[in-house]
Amino acid sequence: MNMSSKKILATFDIGDLKLKNRLAVAPMTRISATEQGSASEKMGQYYERFAKGGFGLVITEGIYTDQKFAQGYPFQPGMTDAEQALAWRAVTRRIHDHQGVIFAQLMHAGALNQGNRFLGETAGPSAVRPKGEQMKFYYGEGQYAVPRSMTDEDIADAIEGFANAARLAVGSAGFDGVEIHGANGYLLDQFLTDYTNQRNDRWGGSVGNRIALTLEVIKAVRAAVGGAPVGVRISQGKVNDYAHKWAEGEAAAETIFGSLQDAGVHYIHVTEHKAWEPAFSERGPSLVNLARRHAPGVVLVANGGLDNPQHAEHVLNDGADIVALGKGALANPDYPTRLVMNQPLEAFDFSLLGPIANIKDSELA
Ligand SMILES: Cc1cc2nc3c(=O)[nH]c(=O)nc-3n(C[C@H](O)[C@H](O)[C@H](O)COP(=O)(O)O)c2cc1C
């Protein structure tokens, strides 16, 4: 076993929870719930493989948080009522059977909504059509709709939705903690992003104002879950704008990471296409390094192309505590066991996600 795998396989505490290693499954939407948004038996089997394969932490796919604008995809699971919470119980139990830890990723799609069974229109910070096209592998087609600019009441409802979902996740569904999805172009990131947020009120303008909704959500979620761990996911790139960089560069990183730490999150999860690369210019620090610098007191999860153990070692040395794997975990649900046994890793095959990104029977065999 080499040095990188030693460090990555060491135990780690997050809040009162003990992780058996520093390997996490990154959140991945697989649209395999029922049409009503309840977690399915198939999802239970799918998630259990990761715990059985040795991952210390499993972060779920983005789960929608209210029965208004939050849902983004058909067959996306929700956490909005007792029935949906109960369905997740069967999933969390399977993870706990293997001494695994599981966090629910709470997601509001905002303007990146391509399948909401509650409301016909979409909503976001400002009436700006999202870049790019809807994702075909989540049943989307063509341009995104122009969202309606959220009213104060819409914003209050969205905050309350996150809090309610967090309460259900920890109180009823058996989750060990929650991750607020503040990344990748969804609602909270739409508020953070200069060109999608054109508001003149307290939610728009400076980066300090644009991160304010994320901070309010953190406050409400923390109050809802007692002492359970609360994390937040942050990125520059988006599913519909891959190469986006924060307009204010490193100054934005200082404000964002510093205020997230002040808001009392247990962990920050940063994701970049290649997490070990400089965040802004050709040289410069990585986003992992900037997060470590400006939020020295929080647990740091890093994600993005880290299935190569050398890259994982790099980000651990750069300040990360935990490494999250997306495609690497899909290709190797038993990645941690393979690392321990020194077994070769499988490469990810993109055809797994086509034509629709739902869970395939071949994954469960
Ligand atoms: C099929 C698929 C679904 C994803 N769904 C989510 C999601 O629901 N929430 C999220 O934060 N990221 C999502 N992501 C992004 C991953 O968490 C991760 O950031 C990305 O795959 C890069 O990490 P990797 O190089 O380890 O795959 C998804 C990625 C894939 C491949």
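Definitions and limits used
Residues numbered from 1 in each chain as written. Predicted model: local features only at pLDDT ≥ 70, side-chain atom pairs only at ≥ 80, totals over all residues. Heavy atoms only, no water. Near = heavy atom within 4 Å. Polar contact = N/O pair within 3.5 Å; in protein donor to acceptor, adjacent residues only side chain to side chain. Pairing = 2+ DSSP bridges. Helix = DSSP H or I, 4+ residues; strand = E, 2+ residues; numbered from the N terminus. Axes fitted to C-alpha atoms, helices over the stretch in contact; angles between N-to-C directions. Buried < 20%, exposed > 50% of the residue type's maximum accessible area, 1.4 Å probe, protein only. Right-handed = clockwise from strand over helix to strand, strands pointing away. Phe/Tyr/Trp six-rings, centres within 6.5 Å; stacked < 30°, edge-to-face > 60°. Contact = heavy atoms within 4.5 Å. Expected span 1.5 Å × (residues − 1). Left-handed = near helix turned anticlockwise from the far one by under 90°. Nonpolar A, V, L, I, M, F, W, Y, C, P; charged D, E, K, R; others polar.

A. A look at the site of the ligand. In the vicinity of the ligand there are 18 residues, among which P27, T29, R233, N303 and G305 approach most closely. N184 places a polar side-chain atom, nitrogen or oxygen, 3.4 Å from an oxygen atom of the ligand.

B. Structural context of the sheet that holds strand 3 (residues 23-25). Around the barrel, 8 strands lie side by side as 3-4-5-8-9-10-11-12; this closed barrel has parallel pairing. If you compare each strand with its neighbour and ignore which way they point, the axes differ by 25° on average.

C. Spotlight on the pairing of strand 11 (residues 299-303). Within strand 11, 5 of the 5 residues are buried, which leaves the element mostly enclosed by the surrounding structure. Side chains V299, V301 and N303 project from strand 11 onto one buried face, and the interleaved L300 and A302 project onto a second face that is buried too. Across 5 bridges, strand 10 (residues 267-271) lies against strand 11 in parallel orientation. Of the residues in strand 11, the one forming a bridge with Y267 is V299. With helix 9 (residues 287-294) bridging strand 10 and its parallel neighbour strand 11, the resulting β-α-β unit is right-handed. The pairing of strand 11 with strand 12 (residues 322-325) spans 3 bridges and is classified as parallel. Of the residues in strand 12, the one forming a bridge with A302 is V323. In the classification by handedness, the crossover that spans strand 11, the intervening helix 10 (residues 309-317) and the parallel strand 12 is right-handed.

D. Spotlight on the packing of aromatic side chains. Evaluated as defined, the whole model comprises 13 aromatic pairs. Relative to Y267, the ring of F103 lies with its centre 5.7 Å away and its plane at 20°, an arrangement referred to as stacked. With a gap of 164 residues between them, F103 in strand 5 (residues 101-107) and Y267 in strand 10 connect regions that are remote in the sequence. A single burial state applies to F103 and to Y267, both of which are buried.

E. Looking closely at the side chain of E179. By the secondary structure assignment, E179 is in strand 8 (residues 177-181). Those residues in contact with E179 that sit more than four places away from it in its chain are P27, I59, A104, Q105, L106, G231, V232, R233, Y267 and H269.

F. Seen up close, helix 2 (residues 41-52). With 12 residues, helix 2 should reach 16 Å at 1.5 Å per residue; the first-to-last C-alpha distance of 16 Å fits that figure. Among all positions in helix 2, only M43, G44, Y46, Y47, E48, R49, F50 and A51 are buried. Looking at the buried residues of helix 2, the elements they touch are strand 3, strand 4 (57-64), helix 3 (82-96), helix 11 (327-331) and helix 13 (361-364). Just downstream of helix 2, G54 is the residue with a positive phi angle, here 105°.

G. The packing of helix 4 (residues 152-171) against helix 7 (residues 212-224), seen in detail. Following both chains from N to C, one finds helix 4 and helix 7 inclined at 35°, their axes separated by 8 Å at the closest point. For the crossing formed where helix 4 meets helix 7, the hand is right-handed. Residues I155, I159, F162, A163, A166 and R167 of helix 4 lie in contact with helix 7, whose contacting residues are L213, E216, V217, A220, V221 and A224. For the contact of helix 4 with helix 7, a count of residues per class yields 10 nonpolar, no polar and 2 charged.

On their own, these measurements won't tell you what the molecule is for.
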